[in-house]
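# Observations on the three-dimensional arrangement
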Amino acid sequence: MTSAPMIEQYLNRLALSEAKGVALVTDLIEKHLARYAFSSLNAMAGQPLSLQTDALLERLVVNHQGGYCFEHNKITYLSLKHLGFKVRSVLARVMLNGKPTNPRTHRMNVLELDGETYLVDVGFGNKTPRGLLNINQRTCTIGHDIYQVTRNGDVVTVVLHEPEQPPLTLYEVELYDVVEADFDVAHFYSHQHPEAIFVNNLVVSLITASHRYLIRNQQFLVWDAAGHLITDKRIDSVEELTQLVHEVFLLQPPKAVLETAFAQVTANSAA
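Computed from a predicted model, the values in this text were never measured in an experiment.

Criteria and cut-off values
- Residues numbered from 1 in each chain as written.
- Predicted model: local features only at pLDDT ≥ 70, side-chain atom pairs only at ≥ 80, totals over all residues.
- Heavy atoms only, no water.
- Helix = DSSP H or I, 4+ residues; strand = E, 2+ residues; numbered from the N terminus.
- Rg over C-alpha atoms; globule rule 2.2 N^0.38 Å.
- Contact = heavy atoms within 4.5 Å.
- Salt bridge = Lys/Arg side-chain N within 4 Å of Asp/Glu carboxyl O.
- Buried < 20%, exposed > 50% of the residue type's maximum accessible area, 1.4 Å probe, protein only.
- Axes fitted to C-alpha atoms, helices over the stretch in contact; angles between N-to-C directions.
- Parallel < 35°, antiparallel > 145°, perpendicular 65-115°, else oblique.
- Pairing = 2+ DSSP bridges.
- Phe/Tyr/Trp six-rings, centres within 6.5 Å; stacked < 30°, edge-to-face > 60°.
- Lys NZ or Arg CZ within 6 Å of the ring centre and 35° of its normal.

### As for the overall build of the protein
Scanning the protein for helices and strands turns up nine helices and 13 strands. The C-alpha radius of gyration computed for the protein amounts to 18 Å, which stays within 12% of the reference 18 Å derived for 271 residues, consistent with globular compactness. In terms of overall dimensions, the protein has C-alpha extents of about 50 × 45 × 35 Å along its principal axes. Of the contacts formed within the protein by residues at least 6 apart in sequence, a portion of 53% connects residues at least 24 apart.

Below you can see the structure in the form of structure tokens.
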């Protein structure tokens, strides 16, 4: 199957509304987040993950393998281009640990629409915004969450303000032009370097209109739409992990991948 039909298959599965412009892109974001889970399973299993379009769409859309930012946000980029939008991909520094020296290891998209510029991100795990972030506005409200957006030249900083939580800086987005080879380098580090976060930590997340679901190593966590933690459960076996991955996160990874990831998680916990 070639790329264009696979992109059409992806868009058809999302069952997008007849909306146009911002409403259409928002619909795509929300439906992607609710159907295609963020996952580090393949990275933990040591698999080389091709970003070639056909292989990427086959892995995430056809085979329901899950993926992380370099995978999810490339699919979104390809889909928005297919729909006729003016969009490009950029790199960002993840700032969750507060270190300004973090490398640029997050792929996301910049959308130009009706004279405004938006950040489009469907690959930031449990903290992924459920909609568009307008970089020309100081604050963007999505549901119960408020995003503070600060632009300094070609660098945009996004800070999340959740109810009853301290402010959390998500990322510094650099608006400079980059090429696919730049993403290949960052992607290779992120899923192959022995010290990379996703090589050493199990992270699986799915975001619906009503809940945020997360596996973080041996924890299964669920928050409601208002940000209240309603489930905090330990995962004690690969069978429990498999059931959650299949039934909650809608993924179908190979059994060997699940076994390898869980073995590494338990080994890390015992170290």
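### Some remarks on the pattern of salt bridges
Under the counting rule described, the total for this entry stands at twelve salt bridges. Salt-bridge contacts for Glu 180 lead to Lys 74; the nearest nitrogen and oxygen are separated by 3.6 Å. Taken as a pair, Glu 180 in helix H6 (residues 180–192) and Lys 74 in helix H5 (residues 69–82) lie far apart in primary sequence, 106 residues in all. Judged by its relative accessible area of 30%, Glu 180 falls in the partly exposed class. Judged by its relative accessible area of 9%, Lys 74 falls in the buried class.

### Brief notes about the packing of helix H1 (residues 3–14) against H5
Packing of H1 against H5 leaves a shortest axis separation of 10 Å and a crossing angle of 95°. Put simply, H1 runs roughly perpendicular to H5. Between H1 and H5, the contacting residues are Ala 4, Ile 7, Glu 8, Tyr 10 and Leu 11 on the first element and Ile 75, Leu 78, Ser 79 and His 82 on the second.

### Observations regarding the side chain of Gln 218
Tracing the sequence through the fold places Gln 218 in the loop between strand S11 (211–216) and strand S12 (219–224). Discounting residues that sit within four places of it in the chain, Gln 218 has contacts with Lys 233, Arg 234, Ile 235, Asp 236, Phe 262, Val 265, Thr 266 and Ser 269.

### Notes on the sheet that holds strand S13 (residues 229–234)
With antiparallel pairing, the five strands of this open sheet are ordered in space as S1-S10-S11-S12-S13. Looking along the sheet, the strands with just one partner apiece sit at the ends: strand S1 (38–39) and S13. Both S1 and strand S10 (residues 203–207) contribute to a ladder of two bridges, which runs antiparallel. Pairing of Ser 39 across the sheet is with Val 204, part of S10. Against the sheet, helix H8 (residues 238–247) touches S11, S12 and S13, its axis set at about 150° to S11.

### Structural notes on the pairing of strand S2 (residues 86–94)
The sheet contact formed by S2 and strand S3 (residues 104–113) spans eight bridges and is antiparallel. Bridge pairing in S3 places Leu 91 opposite Arg 107. Where S2 and strand S9 (residues 168–174) come together, four bridges link them in antiparallel fashion. Bridged to Val 94 within S9 is Tyr 171.

### A word on the sheet that holds strand S4 (residues 116–120)
Strand order in the open sheet formed by eight strands is S5-S4-S3-S2-S9-S8-S7-S6, and the pairing between neighbours is antiparallel. The open sheet has two free edges, formed respectively by strand S5 (133–134) and strand S6 (139–142), since each of these has just one partner strand. Taken together, the four bridges between S6 and strand S7 (residues 145–152) define a ladder with antiparallel strand orientation. Pairing of Thr 141 across the sheet is with Ile 146, part of S7. Along the sheet face, H6 touches S2 and S3 and points at about 140° away from the line of S3.

### A few points about the packing of aromatic side chains
Note on aromatic pairs: each is described by the distance of the centres and the angle between the planes. Within the structure shown, the criterion is met by six aromatic pairs. Between Phe 124 and Tyr 171, the ring centres sit 4.7 Å apart and the planes meet at 75°, which makes this aromatic pair edge-to-face. Here the residue Phe 124 occupies a position in the loop between S4 and S5, and Tyr 171 occupies one in strand S9, the gap between them amounting to 47 residues. Three or more aromatic residues joined by ring pairs make a cluster, and in this case those are Phe 38, Tyr 68, Phe 70 and Phe 198. Directly above the ring of Tyr 77 sits Arg 107, whose terminal nitrogen or CZ lies 5.9 Å from the centroid. Over the aromatic face of Phe 183 sits the side chain of Arg 107, whose NZ or CZ is 4.0 Å from the ring centroid.

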